[in-house]
Amino acid sequence: MSDPQDPFPPGAAAPDFTLRTTPDQSISLSELRGNPVVLVFYPADWSPVCNDELAVFNQLLPEFARFGAQILGISVDGAWCHNAFADARGLQFSLLADFEPKGEVARRYGVYRDTDGTSERSSFVIDPEGIITWNERSPVGINPGAGGVLRALEAMAGDQEAETEG
Amino acid sequence: MSGSYTPPTLTIPPGPDDWSVGPEVGPVTFVEYGDFECPHCAAMEPILHELRLRAGSEMRFVYRHFPLTSSHPHAAIAAEAAEAAGAQGAFWPMHDILFANQQALAERDLIGYAAALGIDADAVAAALVDHAYEPNVREDFMSGVRSGVSGTPTFFINGVRYDGDYELDAIARAVQKAARLAH
C-alpha cells in the first residue's frame, strides 16, 4: 500500500494554500487566522450516501460554531464536481478543490496516496494562529467519524465551558 | 498516527435510558446506531432479526438514533416519532413500522402509524409539533459522534465498534466471540 509519508505533525505550522471552493471563488488558509480551522481530507466526492463522514460534519456545524471553528472539506475533485456534490448532499460548508496541480495540498500535508490518485481520509485541527494541534489518519475503508475533531476543539478551547453539550 | 489501529469504543455505555430488547444481564450487548430513512439500515433489519434469534439469551440489542438529515430529510422527525411512541410503550413496534415504510416518513405518515399501533396519535402529533423528543435524539446522535459513528448503520459489540462485514455470518461470529470473551 502506498503510505509514503506521515501526516504533517501537530505543533507544526499548517502549510498555507489557496484553493477554489467554487468555480469562481477561492479561499486561502491564511485568511482564516483568528479562528480554529478543521481541514477534512477525503478521497472523493460521491462516496456512498449513508456512510459519509461529511454528512456527520454537516450535522455538527452548530457544534463547530460554538468553537468559532471553520470546517473545510478537501479532495482532488474539481470545483464543478464539488458544487454538484454539495448540492446533492445538502452540505453547508466549503469543499476545496485540490485539483490543479492535482493533490498538491494533500502532498504537502502528507496525506496523498499515489496508488489511488486521491488523498487519504485524514483530518487536521488548526488553531487560530495557524498551528496544527491535532491530526488523524484512518485506514482505508474505515471512516473515522468526528469524535476526535470535537475532542481536539474542546482541548483547544481549554476550560471555557467546553464540556457542556448542546 | 501510523502503527496499529484500534476501533473506537462507546463513550456512553448502554443503560436504563436506552431502548433495548433481550436479556438485561447477558454476555453481549449489541448497539446499533441507525437512521429510519437510511436504506442500508432497513436492509439490515432482517439480518439483525435473525441475529437476535440466533443469539437468544446471549445478547441484548440496543437501538440509538443517528439521523443524517442532510441526506435523509425525514430521519430526525421519524426518530422523534419513535421516541414519542416509546413514551407510550410502543418504541419497538414503531421502530419496525418506520423501517418497513421508510419511503413514507412525512409527519402525517408518522401520526398514521401511531394510530395504526393503537396508541394516542394526538399525543404523538403534539410531540412532533413541539419537537418534544428532539433533545433525546440529539443526545443519541452526539453520543454516536463521540464514539466514532460516521454513518449508518454502525454497530458496537460490547462497546467496541464493529468494523467487519455486514453479513449475518460475520456479525454472528463477532457476537459469539464477544460472548466467549465475556464468559
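None of the values given here were measured: they were computed from a predicted structure.

Novice: Report on the packing of helix 1 (residues 39-55) of chain B against helix 7 (residues 168-182) of chain B, specifying residues and quantitative values.
Specialist: All names here are of chain B. The contact between helix 1 and helix 7 brings their axes to 10 Å, and the two run at 40°. Relative to helix 7, the element helix 1 lies oblique. Crossing handedness for the pair helix 1 and helix 7: right-handed. Of helix 7, the residues touching helix 1 (which contributes M44, I47, E50, L51, R54 and A55) are L168, D169, I171, A172 and V175. For the contact of helix 1 with helix 7, the per-class residue count stands at eight nonpolar, no polar and three charged.

Novice: Provide a residue-level description of the packing of aromatic side chains, including the pertinent values.
Specialist: Summed over all chains, the structure comprises 22 aromatic pairs over all chains. Consider the rings of F66 of chain B and F141 of chain B, whose centres lie 4.4 Å apart with planes at 25°: the pair is stacked. One end of the pair, F66 of chain B, is in the loop between strand 3 (59-65) and helix 2 (75-87); the other, F141 of chain B, is in helix 6 (residues 134-146), and 75 residues separate them in sequence. For the ring pair F91 of chain B and W92 of chain B, a centre distance of 5.0 Å and an interplane angle of 90° mean the geometry is edge-to-face. Here W92 of chain B falls in the buried class, since its relative accessible area comes to 17%. Joined through ring pairs, the aromatic side chains of W19, F30, F36, F61, Y63, F91, W92, F99, F155, Y162 and Y166 of chain B make up one cluster. Sitting above the plane of the Y112 of chain A ring, R107 of chain A keeps its charged end 4.0 Å from the centroid. Across the ring face of F61 of chain B, the terminal group of R52 of chain B is positioned such that the distance to the ring centre comes to 4.5 Å.

Cut-offs used in this document
Residues numbered from 1 in each chain as written. Chains lettered and ligands numbered in written order. Predicted model: local features only at pLDDT ≥ 70, side-chain atom pairs only at ≥ 80, totals over all residues. Heavy atoms only, no water. Axes fitted to C-alpha atoms, helices over the stretch in contact; angles between N-to-C directions. Helix = DSSP H or I, 4+ residues; strand = E, 2+ residues; numbered from the N terminus. Parallel < 35°, antiparallel > 145°, perpendicular 65-115°, else oblique. Left-handed = near helix turned anticlockwise from the far one by under 90°. Contact = heavy atoms within 4.5 Å. Nonpolar A, V, L, I, M, F, W, Y, C, P; charged D, E, K, R; others polar. Phe/Tyr/Trp six-rings, centres within 6.5 Å; stacked < 30°, edge-to-face > 60°. Buried < 20%, exposed > 50% of the residue type's maximum accessible area, 1.4 Å probe, protein only. Lys NZ or Arg CZ within 6 Å of the ring centre and 35° of its normal.

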